[in-house]
Amino acid sequence: MGIRGTSFSRAALRRLAIAAAAAGMLACHPAMAASQTGTATSVVVRPNTLVKVDDLDFGTLAAGPAAGTVTIDAVTGARTTGGGVTPVGALAQRAVFQGTGGILLITVSGDTSVTLTRAGGGATMTASLVRAATTSGGGIALLGGTLLPSGVQTYYIGGTLNVGANQPAGDYSGTFTLTVNYL
């Protein structure tokens, strides 16, 4: 027996109760959604332009009681250490610059060393710099330049950082210049 004047079987009432319970559960758990935004970027350059892609990073290291070195290979980007220096983690990289242009000849010059100074001042370290280059469109290497360049030229900067015995801890940085003349 059901509502006055109606007749429902027990099975029908049970189905109705289950349906009402299910509807109640759905009302208690709203659908979830999530969204995020992304960023798309691009740089358009004119011919005869030089763009920095990555900075030179000797990585994190531990200085010991003896002086040592950290070397980033300009060609491969591999890091090696020597003397009283121990690498910490694997994050290290060569600097990368890319240039476009050049009608007849590209000449490359720039700093051959950089002094890294500890944030907050005081301690310093010096690194000698090494350059390497490739070109996507061919060209003939000629005494520090490229004859008849085309495409995109990529310049890699590596070097050797001299770490003092018991070098004071801290974040060190310095700047260097790469100059590409498009002739």
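Preceding block: the structure.
Now for a description of the structure that goes with this document. Treat the numbers as computed from the prediction; the structure is a model and nothing was measured.

Attention shifts here to the overall build of the protein. In terms of helices and strands, the protein carries one helix and twelve strands. Starting at the N terminus and walking to the C terminus, you meet the elements of the protein as α-β-β-β-β-β-β-β-β-β-β-β-β.

Summed over all chains, the structure comprises one aromatic pair. With a centroid separation of 6.3 Å and 75 degrees between ring planes, the pair formed by F97 and F176 is classed as edge-to-face. Here F176 lies in the loop between β11 (172-173) and β12 (178-182) and F97 lies in strand β4 (residues 95-100), a separation of 79 residues in the sequence. Exposure remark for F97: the relative accessible area of 11% places this residue in the buried category.

Now for empty space enclosed by the protein. Applying the stated criterion across every chain yields a total of one cavity of 30 Å³ or more. Volume-wise, the largest cavity comes out at about 30 Å³. In terms of lining, the largest cavity is formed by G110, D111, L129, R131, I157, F176, T177 and L178.

Right, let's talk about the layout of surface pockets for a bit. Of the volumes computed, that of the largest pocket is approximately 610 Å³. Element by element, the count of residues in the lining of the largest pocket is highest for strand β2 (residues 60-72), at three residues. The class makeup of the residues in the lining of the largest pocket is 13 nonpolar, seven polar and four charged.

Turning our attention to the side chain of T154. For T154, the location among the structural elements is in strand β10 (residues 152-163). Apart from residues lying up to four places away in sequence, T154 is in contact with V96, F97, Q98, A132, A133 and T134.

Turning to the nonpolar core, a few remarks are in order. Ranked by internal contacts, the top residues of the largest apolar core, which has 22 residues, are F58 and L161. Mapped by element, the contributors of at least two residues to this core are β2, β4, β6 (113-118), β7 (124-135), β10 and β12. Broken down by element, the residue count for this core peaks at four residues, all from β10. Once residues within four sequence positions are removed from consideration, F58 is found in contact with V70, I72, R79, A92, A127, G159, T160 and L161.

Moving on to the environment of S109. Summarising the element assignment, S109 is placed in strand β5 (residues 105-110). Along the backbone, S109 and R131 are 22 residues apart, and their C-alpha atoms lie at a distance of 9.2 Å.

Reading the values: rules and limits
- Residues numbered from 1 in each chain as written.
- Predicted model: local features only at pLDDT ≥ 70, side-chain atom pairs only at ≥ 80, totals over all residues.
- Heavy atoms only, no water.
- Helix = DSSP H or I, 4+ residues; strand = E, 2+ residues; numbered from the N terminus.
- Phe/Tyr/Trp six-rings, centres within 6.5 Å; stacked < 30°, edge-to-face > 60°.
- Buried < 20%, exposed > 50% of the residue type's maximum accessible area, 1.4 Å probe, protein only.
- 1 Å grid on protein atoms, 1.4 Å probe; cavity = no way out; pocket = protein on both sides within 12 Å on 5 of 7 lines; lining within 4 Å.
- Points joined across faces, edges and corners; volume = space filled by probe spheres on them.
- Nonpolar A, V, L, I, M, F, W, Y, C, P; charged D, E, K, R; others polar.
- Contact = heavy atoms within 4.5 Å.
- Core = buried A, V, L, I, M, F, W, Y, C linked by side-chain atoms within 4.5 Å.

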